[in-house]
Structures are given as structure tokens and as C-alpha cells.
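# An overview of the molecular structure
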Amino acid sequence: MIKVIIADNHPIIRMGVKHVLEAASGIEVIDDVATTEELFAKLDKVTPDVVMLEMDIPEVNGIAALRKIKKEFPDVKVLMYSGQSEDVYALSTIRAGAFGYLSKASDIDYLISAVRKVAEGNMFITNELAQRLAFDEGTQKPRRFFRKLSSREVEVLKLLASGKRNKDVALGLNLNEKTVSTYKARLMKKLNVDNMVDLLQQAKALELY
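Residues numbered from 1 in each chain as written. Predicted model: local features only at pLDDT ≥ 70, side-chain atom pairs only at ≥ 80, totals over all residues. Heavy atoms only, no water.

An unreviewed UniProt entry lists the chain under the name Response regulator transcription factor, from Pelagihabitans pacificus.

Below, the structure written as C-alpha cells:
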């Protein structure tokens, strides 16, 4: 039996995901939680095979929570899911240690197959996503931006795009302010811009806000 914990701050989403998974054979949802604080408290008591972790769960950013799980609960496999742009977040979450990424817009059958595949220790991304990660749909040229950006750079860019100042980004990601400035400079170089206005335009183009 595959044991699953669902971590999402939306009660209806938790209920729907739980209903779908428990209707499948061989999967048991042992708990569902609304915050990362609840999740880590639960992981101190039980060890699921898979945690389904929502990217924008409150308190601790999804990628930061993923890193913490990998460090403190290495036997737990994480399947990230989100309503956010999957061609940006899938790559950054997998780089950060997730076993897979699922969009909330995915077909229900993908949900069950993703949990089963991740529980076996295999990576899961949809065929459609694999193609979108490899090629830009508009130009049919290989995507470069997403491969250029590290998972931490995506986190910093997302927070900057949401209007956070360097100091707030530093607090949110547990970095010092100088490090955030360094990340900002790297982002500008990688995205070929030289000012914040253009950087935020790139963030918008990447569907980060």
C-alpha cells in the first residue's frame, strides 16, 4: 500500500485529490495538511511514501519546504503540484529534489500514475511537459531561459516579481541581503536585461506573476 500525505492550503483541493487517490487500488491517504508547519509536525510522527506538496503552500515556500524534506526526511519522496506555469516550475522543483511535477490542470489519470511512479522511486513528468520543457511552442527553438535558471534563482525572481524588496526576499528565503543582490545580478545577466523594469517583464513572460 502506497501511503500519501497531501499538503495544500485549499480544503476543496485536498478533498478532491484525496477522493481520487483513495478510489485507486493500492493507495492510502494517511493525512492531509494545510500548512508546512502541520506537514513537518506530521512527518515527525509518520513516514509516508509520497508527499504531494503544493508549490504555493503558506508559511514556507514550496521549494524551500521540498529542500527541508529532502534534508530531514530523506526517505520521503515528494511530488510537487501547482496551478502555476509548469514549464517554469517543473524543472526548478526537480532540480531541487522533487521526484515529479504535476499541474492542477492535468488529467485525473495522471494524478494516480504520478503517485505510483514516484512511490517506486521513478521520476514523473507528463509527455506534454517533457516536450514543452524541450521546445518553445512559439518558435520551436529549444528553451534556454528555464535551463539557465537554478531553482534558487527562480525563487528569488518570483519574490522580486511579486513586489518584494531585497530585504524581504532575504528574510523569506533565509539569505542575507548581499546574497539576494548577487542573485539579482545573476538573473539580469542570464535574462539579458540591465534594469529592474526589464527583469520584471521577463518574469511576466515566464508567467511568474
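## A few points about the nonpolar core
Note the following rule: Here, nonpolar core means buried Ala, Val, Leu, Ile, Met, Phe, Trp, Tyr and Cys residues that are tied together by side-chain atoms lying within 4.5 Å of each other. Burial classes follow relative accessibility: with a 1.4 Å probe on protein chains only, a residue under 20% of its type's maximum area counts as buried, one over 50% as exposed, and anything between as partly exposed. Contacts were defined at the residue level, with two residues in contact if any of their heavy atoms lie within 4.5 Å.
Judged by nonpolar contacts, the single largest core of 41 residues is most densely connected at L39, L43, L53, I69, M80 and L199. Not counting residues within four places of it along the chain, the set of residues in contact with L39 comprises I5, A7, V33, V51, L53 and I69. Formed by 21 residues, the second largest nonpolar core is a distinct cluster that contains I2, L21, M52 and F124.

## Some details on the packing of helix α8 (residues 151–161) against helix α10 (residues 177–190)
Convention followed: Fitting a line to C-alpha atoms yields each axis, with helices limited to the stretch in contact; the angle taken between N-to-C directions then spans 0 to 180 degrees. Secondary structure elements are defined from DSSP: runs of H or I of at least 4 residues count as helices, runs of E of at least 2 residues count as strands, and each element is numbered from the N terminus. Our angle categories are set so that under 35 degrees counts as roughly parallel, over 145 as roughly antiparallel, 65 to 115 as roughly perpendicular, and the remainder as oblique. Note on residue categories: nonpolar means Ala, Val, Leu, Ile, Met, Phe, Trp, Tyr, Cys or Pro, charged means Asp, Glu, Lys or Arg, and polar means any other residue, Gly included.
The interhelical angle for the contact between α8 and α10, taken along N-to-C directions, is 95°, at an axis separation of 10 Å. Here α8 lies roughly perpendicular to α10, going by the angle between them. Residue-level inspection shows R152, E153, V156, L157 and L160 of α8 in contact with α10, the latter providing Y183, K184, R186, L187 and K190. In terms of residue class, the contact of α8 with α10 is built from five nonpolar, no polar and five charged.

## A few points about unusual backbone geometry
Even without glycine at this site, E59 takes up a positive phi of about 80°. The topology assignment puts E59 in the loop between β3 (50–54) and α3 (62–72).

## Points about helix α2 (residues 36–43)
Count 3.6 residues to each turn of an α-helix, and residues three or four apart come out pointing the same way. As a reminder, the rule being used: Directions drawn from the helix axis to the C-beta atoms are what define this arc.
Among all positions of α2, only T36, L39, F40 and L43 are buried. End-on view of α2: buried residues confined to an arc of 90°, all on one side of the axis. Its buried side turned inward, α2 meets β1 (2–7), β2 (27–33), β3 and α3.

## Some words on the packing of aromatic side chains
In plain terms, the rule: Stacked, edge-to-face and tilted labels apply to pairs of Phe, Tyr and Trp rings (six-membered ring for Trp) whose centres lie within 6.5 Å, assigned for plane angles under 30 degrees, over 60, and everything in between, in that order.
Here the structure, examined in full by the defined rule, presents two aromatic pairs. Measuring from centroid to centroid gives 6.5 Å for F40 and F73, while their planes differ by 10°, and the two rings are stacked. On the criterion of sequence distance, the pair formed by F40 in helix α2 and F73 in the loop between α3 and β4 (77–82) is long-range, its members being 33 residues apart. Classification of F40 by relative accessible area gives buried; the value is 10%. A ring pair is formed by Y110 and F124, whose centres lie 6.0 Å apart and whose planes are at 65°; its orientation type is edge-to-face. Here the residue Y110 occupies a position in helix α5 (residues 108–119), and F124 occupies one in the loop between α5 and α6 (127–134), the gap between them amounting to 14 residues. Judged by relative accessible area, which is 5%, F124 ranks as buried.

## Let's talk about the packing of α8 against helix α9 (residues 166–173)
The axes of two packed helices give the description: the angle between them and the distance between them. Quick note on the threshold: In a left-handed crossing the near helix is turned counterclockwise from the far helix by less than a right angle, and in a right-handed crossing that turn is clockwise.
Contact geometry for α8 and α9: axes closest at 10 Å, N-to-C directions at 135°. For the element pair α8 / α9, the angle class is oblique. Both α8 and α9 take part in a crossing whose hand is right-handed. Contacts between α8 and α9 pair R152, E155, V156, L159 and L160 from the former with N166, V169 and L173 from the latter. Residue composition of the contact of α8 with α9, by class: five nonpolar, one polar and two charged.

## Some details on the pairing of β4
Along a regular strand, successive side chains alternate from one face of the sheet to the other. Rules: The rule for pairing is simple: two strands pair if DSSP sees at least two bridges between them. A clockwise course of the path from the first strand over the helix to the second, judged with the strands pointing away from the viewer, identifies a crossover as right-handed.
Burial of β4 is extensive: six of the six residues sit out of reach of the surface. What you see with β4 is no split at all: K77, L79 and Y81 on one side and V78, M80 and S82 on the other are buried throughout. In this sheet, β4 lies alongside β3 in parallel orientation, the contact comprising five bridges. Residue pairing in the sheet places L53 in a bridge with M80 of β4. Remark: the β3/α3/β4 crossover connection has right-handed handedness. Relative to strand β5 (residues 100–103), β4 runs parallel, the two sharing four bridges. Residue pairing in the sheet places M80 in a bridge with Y101 of β5.

## Comments concerning the pattern of salt bridges
Here is the rule: Any Lys or Arg side-chain nitrogen located within 4 Å of an Asp or Glu carboxyl oxygen qualifies as a salt bridge.
Counted under the stated rule, the structure contains nine salt bridges. R152 is the salt-bridge partner of E155, the closest N and O atoms lying 3.4 Å from each other. You can see E155 and its partner R152 sitting in helix α8, three residues apart, about one turn around the helix. The same class applies to E155 and to R152, which are both buried. Bridged by salt links that share partners, the residues D8, E54 and K104 form one connected network.

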